[in-house]
Amino acid sequence: MPEDNALYAPVDPIKAGIACACPRCGQGRLFDGLLKVRPACSNCGLDYSFADAGDGPAVFVIMIIGFIVVGLALWVEVNFTPPLWLHLVIWIPLAIVLCLWLLRVLKSVLIALQYRNNARQGEIDRG
């Protein structure tokens, strides 16, 4: 990532991530569609080529949403014993919606943290 010499007030990476906004100016949109990162910010022109969240957000989403949905499904089963088809109708759409929403937010937060901390590919110092 090249040195960023633009003069913008610091943006909180968590707030920018939750809003899915540009990590530099906090105004432009980060995503072009559901999960595809735009090439650059439409407001400040920041090049998003540095942005690579990898598999980190997906791992957190699987753990968090899996814990919530499975816990709720077990609680409903023990307390109300609904038929299997009702479990499928309730929990599958809920899991899909929550996963897509949380994946977008966590990916945005990790990209904002990458920008804030100037994170880049690991390098070996050959001295």
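These numbers were taken from a predicted model, which means no experiment stands behind them.

Q: Before we go on, may I ask you to explain the environment of Ala16 in this structure?
A: Summarising the element assignment, Ala16 is placed in helix α1 (residues 13-18). The exposure class of Ala16 is buried, given its relative accessible area of 4%. Put simply, Ala16 and Leu106 are 90 residues apart on the chain and 11 Å apart in space, counted from C-alpha to C-alpha. When sequence neighbours within four positions are dropped, the list of residues in contact with Ala16 reads Val11, Ala21, Cys22, Pro23 and Ser108.

Q: Mind showing me how you'd approach helix α3 (residues 84-117) here?
A: Because the α-helix completes a turn every 3.6 residues, residues three or four places apart line up on one side. Between its first and last C-alpha, α3 extends 47 Å over 34 residues, near the 50 Å set by a 1.5 Å rise per residue. The set of residues buried in α3 consists of His87, Trp91, Leu102, Val105, Leu106, Ser108, Val109, Ile111, Ala112, Gln114 and Tyr115. Next to the buried residues of α3 lie α1 and α2 (56-80). Within two residues after α3, Asn118 carries a phi angle of roughly 55°, on the positive side.

Q: How should I be thinking about the packing of aromatic side chains in this particular structure?
A: Between two aromatic rings, the relevant description is the distance of the centres plus the angle of the planes. Applying the stated criterion across every chain, the model contains two aromatic pairs. Where Phe50 meets Tyr115, the ring centres are 5.8 Å apart and the plane angle is 45°; that geometry is what we call tilted. Placement of the pair is Phe50 in the loop between α1 and α2 and Tyr115 in helix α3, with a sequence separation of 65 residues. Judged by relative accessible area, which is 13%, Phe50 ranks as buried. Pairing Trp75 with Phe80 gives two aromatic rings, centres 5.6 Å apart and planes at 80°, and the pair type is edge-to-face. The class of Phe80 is exposed, set by a relative accessible area of 54%.

Q: What is the right way to read unusual backbone geometry from this model?
A: In terms of backbone geometry, most residues other than glycine have negative phi values and most peptide bonds are trans. The backbone of Thr81 shows a phi angle near 40°, a positive value even though the residue is not glycine. Within the element layout of this structure, Thr81 appears in the loop between α2 and α3. Of note, Asn118 is a non-glycine position whose phi angle comes to about 55°, a positive value.

Q: Hey, could you run me through the environment of Asn118 in this one?
A: Following the sequence through the fold, Asn118 ends up in the segment after α3. Along the sequence, Asn118 and Phe50 sit 68 residues apart, while their C-alpha atoms lie 9.2 Å from each other.

Q: Would you mind going over the side chain of Ser108 with me for this structure?
A: Residue position: Ser108 is located in helix α3. In this structure, Ser108 is in contact with Ala16, Gly17, Cys20, Ala21, Leu30 and Phe31, ignoring residues within four places of it in sequence.

Q: Explain α2 to me, please; I cannot follow it from the model alone.
A: The end-to-end C-alpha distance of α2, which contains 25 residues, comes to 36 Å, matching closely the 36 Å that a straight helix rising 1.5 Å per residue would cover. Those residues of α2 lying buried are Pro57, Val61, Ile65, Val69, Ala73 and Val76. Buried residues along α2 sit against α3. Positive backbone phi, approximately 40°, marks Thr81, located one or two places after α2.

Scoring rules and cut-offs
- Residues numbered from 1 in each chain as written.
- Predicted model: local features only at pLDDT ≥ 70, side-chain atom pairs only at ≥ 80, totals over all residues.
- Heavy atoms only, no water.
- Helix = DSSP H or I, 4+ residues; strand = E, 2+ residues; numbered from the N terminus.
- Buried < 20%, exposed > 50% of the residue type's maximum accessible area, 1.4 Å probe, protein only.
- Contact = heavy atoms within 4.5 Å.
- Expected span 1.5 Å × (residues − 1).
- Phe/Tyr/Trp six-rings, centres within 6.5 Å; stacked < 30°, edge-to-face > 60°.

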